[in-house]
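Descriptive analysis of the structure
Each chain, letter by letter, is given below.
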Amino acid sequence: MLRALWTAASGMQSQQTNIDVIANNLANVNTTGFKKSRADFQDLIYQSLKTTGSPSTNTTQVPTGIQIGLGTRLAAVTKIFTSGDLTQTGNDLDMAIEGDGFFQIQMPDGTTAYSRAGAFKKDSTGRIVTSDGYPLLPEVVIPTNATKISVGNDGTVSVNQAGQTAPTNVGNIQLAQFANPAGLAAQGKNLFLPTDSSGNATTGTPGQTGLGTISQGFLEMSNVNVASEMVNMIVGQRAYEINSKAVQTGDEMLQTANNMKR
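On a predicted model such as this, the values are computed, not experimentally measured, just so you know. (Residues numbered from 1 in each chain as written. Predicted model: local features only at pLDDT ≥ 70, side-chain atom pairs only at ≥ 80, totals over all residues. Heavy atoms only, no water.)

Before going further, it helps to spend a moment on the overall build of the protein. Scanning the protein from terminus to terminus reveals two helices and 20 strands. Taken over the C-alpha trace, the protein has a radius of gyration of 27 Å; the compact-globule value for 262 residues is 18 Å, which it surpasses by more than 25%. Counting all 262 residues of the protein, 32% fall into the buried class. Looking at the protein as shown, the accessible area adds up to about 14,600 Å², and 51% of this sits on carbon and sulfur atoms. Averaging the positions of the 17 positive and the 19 negative side-chain charges in the protein gives two centres separated by 10 Å. (Helix = DSSP H or I, 4+ residues; strand = E, 2+ residues; numbered from the N terminus. Rg over C-alpha atoms; globule rule 2.2 N^0.38 Å. Buried < 20%, exposed > 50% of the residue type's maximum accessible area, 1.4 Å probe, protein only. Areas by Shrake-Rupley, 256 points an atom, 1.4 Å probe, with all protein chains shown as cover. Lys, Arg positive; Asp, Glu negative; His and termini not counted. Charge placed at Lys NZ, Arg CZ, Asp CG, Glu CD.)

So this is what it looks like as structure tokens:
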């Protein structure tokens, strides 16, 4: 009887985590470049009361054994790196990646982080930076007298300057890709860091070697589908209620057994 209580309790804990993940997805439905997460679960070890294939007589075997499951647990929370919808902003420094790849961002400690969010700005020196002031790599500096900024699909950054008729190339944006993007470690602020699971970054020119292209004046929105998340939330809520009902039923059965002893 106690087995049922602990089994159902593990189901309640798992569904609580599931709702936590869904809530974070919904909270970031309008976060630029956000990638939704999915909670993956696995069943726990089984208690074998009768082993399958054990002899029942000298010439026969048990065709099916008796195994009692002991619940579930969280196996992983996986990032889903499908592309989000693109929204047009018209801002020269807004960029979206159409396809695979990540922008390279230099962190304050000198390490390189990676992001799908392309809402860039200029700092006081003209460098292209994130909203937190972290510079884009390779570094691109916009001249102070630039009148127009153009970013090609291949990452070429050129500017029109006052007094000049021909545009001037001021840098080239390189993208990075990973063998296993789901293995990246989310750091918040739309940034990811590589891990042993993700593998090392491979950089290249946008539009080549499997990398996506860059669209200037667009932003990639979150890939969260509100309708799907709401359905998942309802399913998780109902699963939580069913597991809590199993706890209640187990408690009532224990109470019945206890009353019989009196």
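Back to the text.
Within this numbering scheme, the UniProt entry marks residues 7-35 as carrying the feature "domain: Flagellar basal body rod protein N-terminal" (unreviewed entry). Annotated as 72% helix and 0% strand, the span residues 7-35 places its first and last C-alpha atoms 32 Å apart. (UniProt positions renumbered as here; feature names shortened; annotations may be inferred.)

Turning to the domain arrangement of the protein, a few remarks are in order. In terms of domains, the protein is made up of domain 1 (1-81 + 225-260) and domain 2 (85-221). Of note, the centres of domain 1 and domain 2, computed from C-alpha atoms alone, are 42 Å apart. Counting residues at the interface gives nine residues for domain 1 and 13 residues for domain 2. For the domain 1 and domain 2 pair, buried surface summed over both sides reaches about 890 Å², with 66% attributable to carbon and sulfur atoms. The tally of links from domain 1 across to domain 2 stands at one salt bridge. Glu220 is the partner of Lys35 in a salt bridge, and the nearest nitrogen-oxygen pair spans 2.5 Å. (Domains from an automatic or database assignment. Contact = heavy atoms within 4.5 Å. Buried area = accessible area lost by both parts, 1.4 Å probe. Salt bridge = Lys/Arg side-chain N within 4 Å of Asp/Glu carboxyl O.)

Time to look at the sheet that holds strand S12 (residues 146-151). The strand order across the open sheet built from three strands is S12-S13-S14, with neighbouring strands paired in antiparallel fashion. Among the strands making up the open sheet, the edge pair consists of S12 and strand S14 (168-172). If you compare each strand with its neighbour and ignore which way they point, the axes differ by 25° on average. (Pairing = 2+ DSSP bridges. Axes fitted to C-alpha atoms, helices over the stretch in contact; angles between N-to-C directions.)

This part takes up the pattern of salt bridges. Within the structure shown, the criterion is met by six salt bridges. The closest approach of N and O atoms between Asp123 and Arg127, which form a salt bridge, is 2.9 Å. The class of Arg127 is partly exposed, set by a relative accessible area of 24%.

The tally for this structure, following the rule as stated, stands at six aromatic pairs. Arranged with centres 6.3 Å apart and planes meeting at 70°, the rings of Phe102 and Phe192 form a pair that is edge-to-face. Separated by 90 residues along the polypeptide, Phe102 in strand S7 (residues 102-106) and Phe192 in strand S17 (residues 191-193) bring together distant segments of the chain. Phe102 sits in the buried class, given a relative accessible area of 4%. Residue Phe192 is classed as buried on the basis of its relative accessible area of 6%. (Phe/Tyr/Trp six-rings, centres within 6.5 Å; stacked < 30°, edge-to-face > 60°.)

UniProt tags residues 216-260 as "domain: Flagellar basal-body/hook protein C-terminal" (unreviewed entry). Secondary structure content for residues 216-260 is 78% helix and 9% strand, while the C-alpha to C-alpha distance between its ends is 75 Å.

Taken together, the side chains of Leu2, Trp6 and Leu254 make up a nonpolar region of the molecular surface, amounting to roughly 350 Å² of accessible area. In this fold, Leu2 is placed in helix H1 (residues 2-27). (Patch = residues over 30% accessible without salt bridge, like charges linked within 9 Å, V, L, I, M, F, W, Y side chains within 5 Å.)

With three bridges connecting them, strand S16 (residues 185-188) and S17 associate as antiparallel partners. Residue Ala186 lies in a different strand from S17, and its bridge partner there is Phe192. Hairpin connection, S16 to S17: the antiparallel pair is bridged by two residues, and Lys189 has positive phi, about 60°.

Moving on to H1. Taking 1.5 Å per residue as the helical rise, H1 with its 26 residues ought to reach 38 Å, and the 38 Å between its terminal C-alpha atoms agrees with that figure. Every buried residue belonging to H1 is among Leu5, Ala8, Ser10, Gly11, Met12, Ser14, Gln15, Asn18, Val21, Ile22 and Asn25, and all of these are buried. Residues of H1 that are buried in the fold lie against strand S1 (37-43), strand S4 (72-79) and helix H2 (226-260). (Expected span 1.5 Å × (residues − 1).)

Counting residues in hydrophobic clusters, the biggest one holds 22 residues, and the most contacted among them are Met95, Phe103, Phe120, Ile128 and Ile173. When residues of this core are traced back to their parent elements, those giving at least two are strand S6 (95-98), S7, S12 and strand S13 (156-161). If you look at the next biggest cluster of nonpolar residues, it comprises six residues, including Tyr114, Ala176, Leu184 and Phe192. (Core = buried A, V, L, I, M, F, W, Y, C linked by side-chain atoms within 4.5 Å.)

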